[in-house]
Amino acid sequence: MFGPAPVGRDRAIGMSERLAAVSSLQSSLEYLTQRKDIEKGGMNDWEVARQYLAGAGPLTRRLVDGVSGVRTTTALHAARSAVAVGMLLPGDSRWRGAGNVFLGASSALLSPRHHYGGDGSDQVATLVQLATGAARLVPSPAAKDALLWYAALQANMAYAISGWVKLFGKPWRDATALGGVMRTRTYGHEGMHRWTQEHPKTAKVLTHSVLALECSFPLVYARGGKLTRSMITSAAAFHVANGYFMGLSRFVTAFPAFHPLVAYTAAPRSHPTIAGRDDRALTAAVAALAGGTVAAAATAVRRRLRTTEGWHTSRTLTTRSRNLLQYEEYSPGDPQQPVVVLASGLLSTSEHYAWMAERLCYETRYGVITYARAGYAGSHRHATTAFRLSESVQDLVDLVNGAVAPDRKVILVGHSIGGELARRAARHLGDRLQGIVYLDSSHPGQFTSGLGASEKGLAGNLTAVSRALRLGTGILVTRPAWIGELPYAYRKKVFAQYADARMWEAARREWKAIRADFKSFTGALARIEGVPALVVSAQRTVDRNPEQLLLHRELAEAHADARTETVVIEGATHETMLITSRYANQVTDRVIAFFDDLGRRTPTAPASSSRPVGRKESAR
């Protein structure tokens, strides 16, 4: 069990390609016997599944479309089955390389066609087949070894990254994940789930043993491959267990197809079986890793600087909590007109308001200010006490008092949690408030009403992402499509913030405080006397949770003796109501119209209305 597992180059290729061929054979036979899944109305109906290629290039779309008809797909799987059977026969010719390449390439080409059902095994088999197929076809021994090293290093990454990512999740650390998986319908096993409940200590040892195996798999290369046999034996047993208990039977051969290549590369070169192995690929991989690490660090520094430096017109202000807030005055406006202060939501940048802020700046005489809460962008949290929502409320009040002339009125606009901060700031600002605009606002009663149930995993996700970004993985983050909805000038800065750990850490801190605060909420909202309110809801939000509309109406009703109005922006989601121009413009139109109308009215009687956008209802 302890010692290297010396396997020669040709034998390693033969063992790996045969194990991968078994996985491909099983895969194609499954697809052939379950053809209803690829036919119209099936789970992998191509007319539906092709939407996942919308962002691919035209050549890729044409290639995949060409093989995704039911007849073509069936013919390809029949051919794959025949080639896979041939790969199981004895032999060592270069034709086997062509067979491997065909199996790997056809699997890659068909993978979009089978959007559901691969579970990672097809991808692993494809990688092994392309590497071993190319190794059989190239004449150079050095090139062969480079390809085998590539596949072996991919195996180490597959195990190690899987293990370390699991450590970010609390269910794996506290060992509840195993029982959780075993109780599911898709991957579960009733008997195994019952065993985890009856033997929690043993189940914990088993869970942590799996984590240890995955995280430490690269130790197969330590001390001349002394742990190779025990590691690959344990990994193979793990995949057999996956196949039996979780129904992932292709895992039994797909992942172990890596193992002969790991054994070949892990054995010491002094062993006669391995004599002549070219290890320059490992040196190149280490150099590439070092270069990648330097590039990741440089990218992180560059994004951090872009995140914190603000705009050339940015200003800062220190609050009573000792927090340093960075804010941007889009326009000072007419000194006789109010100043609009825009408060962003959780995990949102102040640039999310770009469409609205620019229109308010150029189309009204209002002053316009956006700001970043402590921990976001260039704002820094220096408070020494445990974070609570009251701290952000005080920061907002101090921003108003410090950045807005004392003789000017203020309109607070808050999106998501920013709306709740604005509501709480109202009692501290008194007569300075011209009004409040709630944009799909949070409500302290949303957890007690059951609306927070879908957000239980958010804290874990925020923690996992912030930790991963702190490790320098921001270089791997791709720009989300929604950033392209913002005005062009803001996109780089927003992406820099999105790919930087600071914003995620601040959001995690805020979310923890929000949950604690909202869960303690009882009773009705405090009344806000004489402050007009515009409550704007996103249609998709209230469609998903109709109770949210009732909570939004409660926000309006809390404003006593003042004009209120509720609006639903049709088609908008919680995010797109700000970042998508057509929805942001509708929201801005409502804000401008509400306060223009308010300025023309005399405050002799309160008003209240409730309507979707496009249908006018107004009352005094």
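As a reminder, the structure under discussion sits directly above these lines.
Residues numbered from 1 in each chain as written. Predicted model: local features only at pLDDT ≥ 70, side-chain atom pairs only at ≥ 80, totals over all residues. Heavy atoms only, no water.

Colleague: How should the overall build of the chain be read in this particular structure?
Modeller: Counting its regular elements, the chain contains 25 helices and eleven strands. Principal-axis analysis of the C-alpha atoms gives the chain an extent of 95 × 55 × 50 Å. Buried residues in the chain amount to 49% of all 620 residues. Summarising the internal contacts of the chain: among those between residues at least 6 apart in sequence, 77% fall at separations of at least 24. Counting only carbon and sulfur atoms, one obtains 57% of the accessible surface of the chain, whose full area is about 29100 Å². (Helix = DSSP H or I, 4+ residues; strand = E, 2+ residues; numbered from the N terminus. Buried < 20%, exposed > 50% of the residue type's maximum accessible area, 1.4 Å probe, protein only. Contact = heavy atoms within 4.5 Å. Areas by Shrake-Rupley, 256 points an atom, 1.4 Å probe, with all protein chains shown as cover.)

Colleague: Got a minute to help me understand the nonpolar core in this structure?
Modeller: Most often, soluble globular proteins have nonpolar side chains that are buried together. Judged by nonpolar contacts, the single largest core of 51 residues is most densely connected at V341, Y371, L396, L412 and I436. Among the elements that make up this core, the one with the highest residue count is helix α21 (residues 501-519) (eight residues). Ignoring any residue separated from it by four or fewer positions in sequence, one finds V341 in contact with I369, Y371, L396, L399, V400, V410, I411, L412 and V413. Ranked by size, the runner-up nonpolar core spans 38 residues in total, among them A12, L178, F258 and A267. (Core = buried A, V, L, I, M, F, W, Y, C linked by side-chain atoms within 4.5 Å.)

Colleague: Teacher, can you tell me more about the pattern of salt bridges here?
Modeller: Oppositely charged side chains can form a pair if their charged atoms are brought close together. All told, the structure shown has 29 salt bridges when counted by the stated rule. Residue D398 pairs with R320 through a salt bridge whose shortest N-O separation is 2.7 Å. Taken together, the residues span a long stretch of sequence, with D398 in helix α17 (residues 389-403) and R320 in the loop between β1 (315-318) and β2 (324-331) at a distance of 78 residues. The exposure class assigned to D398 is buried, which follows from its relative accessible area of 14%. Put simply, E17, R18, D92, R96 and R136 are held in one network by salt bridges that share partners. (Salt bridge = Lys/Arg side-chain N within 4 Å of Asp/Glu carboxyl O.)

Colleague: Explain a positive patch on the surface here, please?
Modeller: Residues K170, R173, R467, R508 and K512 make up a contiguous surface patch of positive charge. Checked against the element boundaries, R508 lands in helix α21. Take R508: its relative accessible area is 33%, and that puts it in the partly exposed class. (Patch = residues over 30% accessible without salt bridge, like charges linked within 9 Å, V, L, I, M, F, W, Y side chains within 5 Å. Lys, Arg positive; Asp, Glu negative; His and termini not counted. Charge placed at Lys NZ, Arg CZ, Asp CG, Glu CD.)

Colleague: Hey, could you run me through the packing of aromatic side chains in this one?
Modeller: Aromatic ring pairs are described here by two measures, namely the spacing of the ring centres and the angle between the planes. In the structure shown here, the tally under the stated rule is twelve aromatic pairs. On the basis of an interplanar angle of 55° and a centroid distance of 6.2 Å, the ring pair of Y159 and F255 is categorised as tilted. Of this pair, Y159 sits in helix α7 (residues 141-167) while F255 is found in the loop between α13 (251-254) and α14 (259-266), placing the two residues 96 residues apart along the sequence. For the residue pair Y159 and F255, the accessibility class agrees, reading buried in each case. Plain terms: the ring middles of F594 and F595 are 5.0 Å apart, the flat faces sit at 90° to each other, and that makes the pair edge-to-face. (Phe/Tyr/Trp six-rings, centres within 6.5 Å; stacked < 30°, edge-to-face > 60°.)

Colleague: Looking at this structure, how should I read empty space enclosed by the protein?
Modeller: Empty space among the atoms can be located by rolling a probe the size of a water molecule over them. Applying the stated rule across the entire model yields one cavity of 30 Å³ or more. Roughly 30 Å³ of volume is contained in the largest cavity. For the largest cavity, the full set of lining residues is R373, A374, R381, F387, E391, S392, R509 and E510. Only α17 and α21 provide two or more residues apiece to the lining of the largest cavity. Residue composition of the lining of the largest cavity, grouped by class: two nonpolar, one polar and five charged. (1 Å grid on protein atoms, 1.4 Å probe; cavity = no way out; pocket = protein on both sides within 12 Å on 5 of 7 lines; lining within 4 Å. Points joined across faces, edges and corners; volume = space filled by probe spheres on them. Nonpolar A, V, L, I, M, F, W, Y, C, P; charged D, E, K, R; others polar.)

Colleague: Looking at this model, I keep getting lost on the environment of L148. Mind explaining?
Modeller: Here L148 lies in helix α7. Taking the C-alpha atoms as reference points, L148 and A281, separated by 133 residues in sequence, lie 9.2 Å from one another. Excluding anything up to four places from it in sequence, L148 contacts R9, I13, A135, L261, Y264 and T265.

Colleague: Got a minute to help me understand a nonpolar patch on the surface in this structure?
Modeller: On the surface, M43, Y52 and Y116 cluster together into a nonpolar patch covering about 330 Å² of accessible area. Mapped onto the fold, Y116 is located in the loop between α5 (95-110) and α6 (121-137). Judged by its relative accessible area of 39%, Y116 falls in the partly exposed class.

Colleague: Quick question: what am I supposed to make of the packing of helix α16 (residues 354-363) against helix α25 (residues 581-600) here?
Modeller: Packed helices, taken two at a time, are described by their axes: the angle between them and the distance between them. Between α16 and α25, whose axes approach to 9 Å, the crossing angle comes to 45°. Accordingly, the angle class assigned to the pair α16 and α25 is oblique. The way α16 lies across α25 gives a crossing that is right-handed. Counting all contacts with α16, which are made through W355, M356, R359 and L360, the residues of α25 involved are S581, A584, N585, V587, T588, D589 and I592. Of the residues in the contact of α16 with α25, the class split is six nonpolar, three polar and two charged. (Axes fitted to C-alpha atoms, helices over the stretch in contact; angles between N-to-C directions. Parallel < 35°, antiparallel > 145°, perpendicular 65-115°, else oblique. Left-handed = near helix turned anticlockwise from the far one by under 90°.)

Colleague: Could you clarify how one ought to interpret the pairing of strand β6 (residues 433-439) in this entry?
Modeller: Within a regular strand, the side chains alternate between the two sheet faces. For β6, a buried count of six out of seven residues is recorded, marking the element as mostly surrounded by other parts of the structure. Here six bridges tie strand β5 (residues 410-415) to β6, and the two strands are oriented parallel to one another. Paired with V410 across the two strands is L433, which belongs to β6. For the crossover that starts at β5, traverses helix α18 (residues 417-429) and ends in the parallel β6, the hand is right-handed. Direction of pairing for β6 relative to strand β8 (residues 533-538): parallel, over a ladder of four bridges. Within β8, the residue paired with V437 across the bridge is L534. (Pairing = 2+ DSSP bridges. Right-handed = clockwise from strand over helix to strand, strands pointing away.)

Colleague: Please explain the side chain of R502 as it appears in this structure.
Modeller: Mapped onto the elements of the fold, R502 is located in helix α21. For the buried R502, no salt bridge exists, and the shortest N-O distance to an oppositely charged side chain is 5.1 Å, to D500. Within the structure, the side chain of R502 is placed 2.8 Å from the backbone oxygen of S379, a separation counted as a polar contact. (Polar contact = N/O pair within 3.5 Å; in protein donor to acceptor, adjacent residues only side chain to side chain.)

Colleague: It is not clear to me how the layout of surface pockets should be interpreted in this structure. Could you clarify?
Modeller: Taken as a whole, the largest pocket spans an internal volume of roughly 1300 Å³. Forming the boundary of the largest pocket are 38 residues, of which L153, M157, I161, L289 and T293 lie nearest the centre. At the level of elements, α7, α14 and α15 (280-309) are the ones that each hand at least two residues to the lining of the largest pocket. Residue composition of the lining of the largest pocket, grouped by class: 29 nonpolar, seven polar and two charged.

Colleague: Mind showing me how you'd approach the side chain of N156 here?
Modeller: Its place among the elements puts N156 in helix α7. Given the relative accessible area of 7%, N156 is considered buried. The residues touching N156, leaving out its near neighbours within four places in the chain, are F217, P218, V220, Y221 and V262.

Colleague: Looking at this structure, I do not really get the pairing of strand β10 (residues 564-569). What am I missing?
Modeller: Counting buried residues in β10 gives six out of six residues, a clear majority hidden from the surface. Sheet analysis places β8 next to β10, joined by six bridges and oriented parallel. Looking across to β10, one finds that A533 is bridged to T564.

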